[in-house]
Amino acid sequence: MTAIELRGVTKEFADVTAVRGLDLTVEEGEVYGFLGPNGAGKSTTIDMVLDLVRPTEGTVRVLEQDATTDGVAIRKRTGVLPDGFAVYDRLTGRQHVEFAVRSKEADDDPDALLDRVGLLDDADRKAGGYSKGMRQRLALAMALAGDPDLLILDEPSSGLDPAGAKEMREIVRAEADRGATVFFSSHILEQVEAVCDRVGILREGELVTEDSVEGLREAVGGEETLEIAISGGGADDADDADNTGNAAIEAIRDLDGVSRVNRDGDTLVVSCADGAKTRVIGALEDAGIAVADFHTREASLEDLFLAYTEGDAPGADGGDPDERAGEEPEEVDR
């Protein structure tokens, strides 16, 4: 069975096309990561799945029902953690969860849900006094009411500290093990990589790729990230260090198998094909650049995301890079 199915979906707002010709299938029971730069159309797609906006063209089916005609039935089987969740300031955390349980016509114990997300000790506090992270936990508790068949989580780790983010990941995996489908949209790529079975990347309203993280690595040629600590050979001022760094970049950026070179202080970060490492180190030594240390790591989801959104990966268009996904630091839960 399919949990979410979009076919030929386009959404236009005046003279802006937010989503164009989107085909997307999320299978029952999987955790699907939905990624894209700001303005790529992720929120619009989620709004169409939830029938908050209607597509200009195409069809949207959720839990094998038509989202535009069976919205009430779908919402009873769906838990949603929206981006920017707003609480009712004068209601307690427990009252929020009680409302969610009633609206789902479920029989959950509100205290059990609050305990699951780490809010039981604050259940009787008014939610207006909650931190951003606590509000995220509260929204997750409400989304879990009624054991939903589909969970839609939009930036679920926003405002959470590392411990809270870990707990959120554990809940996501537990819900998937229970049989729920999780549609997971986030800018925190490490979270997506840790929990998602498949990843889809949206760019300018179009799905440019979808696969497992390992499959995406293979699609971009099995690139590795080579981190090289360089030495200026006795250089002891900033100008000499800059000159050494610039010379190092010049020596390797046009080598076969090298797709990207960045510099972070005295460290070069090189994206290169498997087998190019020896050429890179040799070219630096030939240019008189002392290599103090180096190591390789597998391409992260962030590396893959940039490759697809900046047009460097197979199937991705060229052009100006989109705004890199990310957010300003936020208040974290205490």
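Residues numbered from 1 in each chain as written. Predicted model: local features only at pLDDT ≥ 70, side-chain atom pairs only at ≥ 80, totals over all residues. Heavy atoms only, no water.

Please set out the packing of aromatic side chains residue by residue, giving values where relevant.
For the structure shown, the criterion picks out two aromatic pairs. With centroids separated by 5.8 Å and ring planes inclined at 10 degrees, the aromatic side chains of tyrosine 32 and phenylalanine 183 adopt a geometry described as stacked. Separated by 151 residues along the polypeptide, tyrosine 32 in strand S3 (residues 31-35) and phenylalanine 183 in strand S8 (residues 181-185) bring together distant segments of the chain. Judged on exposure class, the residue tyrosine 32 and its partner phenylalanine 183 are both buried. Ring geometry for phenylalanine 34 versus phenylalanine 183: centroids 5.0 Å apart, planes at 35 degrees, classification tilted. Here phenylalanine 34, found in strand S3, pairs with phenylalanine 183, found in strand S8; they are 149 residues apart in sequence, far enough to count as distant. (Phe/Tyr/Trp six-rings, centres within 6.5 Å; stacked < 30°, edge-to-face > 60°. Helix = DSSP H or I, 4+ residues; strand = E, 2+ residues; numbered from the N terminus. Buried < 20%, exposed > 50% of the residue type's maximum accessible area, 1.4 Å probe, protein only.)

How would you sum up the packing of helix H3 (residues 93-103) against helix H5 (residues 132-143)? Please name residues and give values.
One way to put it is that H3 packs onto H5 with a least axis distance of 8 Å and a crossing angle of 25 degrees. As summarised for this structure, H3 and H5 are arranged roughly parallel, according to the angle between their axes. Judged by the twist between their axes, the crossing of H3 over H5 is right-handed. Two secondary-structure elements touch here, H3 through Gly93, His96, Val97 and Ala100 and H5 through Leu138, Ala141 and Met142. (Axes fitted to C-alpha atoms, helices over the stretch in contact; angles between N-to-C directions. Parallel < 35°, antiparallel > 145°, perpendicular 65-115°, else oblique. Left-handed = near helix turned anticlockwise from the far one by under 90°. Contact = heavy atoms within 4.5 Å.)

For the sheet that holds strand S4 (residues 57-62), give the residues involved together with the corresponding values.
One key point about sheets: their strands pair by backbone hydrogen bonds, in either a parallel or an antiparallel sense. Read from one edge of the open sheet, four strands run S2-S1-S4-S5, paired in antiparallel fashion. Lying at the two open borders of the sheet, with one neighbouring strand each, are strand S2 (16-27) and strand S5 (65-66). The pairing of strand S1 (residues 2-13) with S2 spans eight bridges and is classified as antiparallel. Among the inter-strand pairings, valine 9 is bridged to a residue of S2, identified as leucine 22. Docked against the sheet, helix H1 (residues 42-49) engages S1, S2 and S4, running at close to 120 degrees with respect to S1. (Pairing = 2+ DSSP bridges.)

Account for the sheet that holds strand S6 (residues 78-81), with residues named and values stated.
With mixed pairing, six strands are arranged side by side in an open sheet as S6-S7-S8-S3-S9-S10. The open sheet has two free edges, formed respectively by S6 and strand S10 (206-211), since each of these has just one partner strand. Recorded for the sheet is a direction-independent mean angle of 15 degrees between the axes of neighbouring strands. In the sheet, S3 pairs with S8 via four bridges, with the strands oriented parallel. Residue valine 31 lies in a different strand from S8, and its bridge partner there is valine 182.

Could you give an account of the nonpolar core, naming the residues involved and the relevant values?
Leu138 and Phe184 are the most contacted members of the largest nonpolar core, which totals 47 residues. Tallying contributions element by element places H5 first for this core, with seven residues. Not counting residues up to four positions away in its chain, the partners in contact with leucine 138 are Val87, Gly93, His96, Val97, Leu114, Leu119, Ala127 and Tyr130. Residues Leu22, Val26, Val60 and Leu63 belong to the second largest nonpolar core, which totals 25 residues. (Core = buried A, V, L, I, M, F, W, Y, C linked by side-chain atoms within 4.5 Å.)

Describe H3, listing the residues and the values that go with them.
Those residues of H3 that fall on the buried side of the exposure criterion are Gly93, Arg94, His96, Val97, Ala100 and Val101. Along the long axis of H3, the arc covered by the buried residues comes to 160 degrees, so they all point the same way. In the core, the buried residues of H3 are packed alongside helix H4 (110-116) and H5. Among the residues trailing H3, glutamate 105 stands out with phi positive, at a value near 55 degrees. (Arc of directions from axis to C-beta.)

Any details on the confidence of the model for the protein chain? Residues and values, ideally.
Segments scoring low in pLDDT should not have their predicted coordinates read at a detailed level. Confidence in the prediction for the protein chain averages 86 pLDDT; 87% of positions are at 70 or higher. Overall, residues 318-332 carries pLDDT values under 50, and its contacts beyond four positions in sequence, including any with other chains, amount to 30 contacts. (pLDDT = per-residue confidence, 0-100.)

How would you summarise unusual backbone geometry if you had to cite specific residues and measurements?
A positive phi angle is found at alanine 14, which is not glycine, with a value near 50 degrees. Tracing the backbone through its elements, the reader meets alanine 14 in the loop between S1 and S2. Exposure remark for alanine 14: the relative accessible area of 81% places this residue in the exposed category. Of note in the backbone geometry, aspartate 147 takes a positive phi value of approximately 45 degrees without being a glycine. Looking at aspartate 147, the relative accessible area reads 45%, which means it is partly exposed.

A description of the environment of glutamate 98 should follow, citing residues and the corresponding values.
Here glutamate 98 lies in helix H3. With relative accessibility at 29%, the residue glutamate 98 sits in the partly exposed group. Taking C-alpha positions, glutamate 98 is 9.1 Å from aspartate 111, a pair spaced 13 residues apart along the chain.

Describe in detail the pattern of salt bridges, supporting the description with residues and values.
A side chain with one charge may pair with a side chain of the opposite charge, provided their charged atoms come close. The full count for this structure, using the stated rule, is 16 salt bridges. Where salt bridges share partners, they join Glu30, Arg198 and Glu210 into one cluster. (Salt bridge = Lys/Arg side-chain N within 4 Å of Asp/Glu carboxyl O.)

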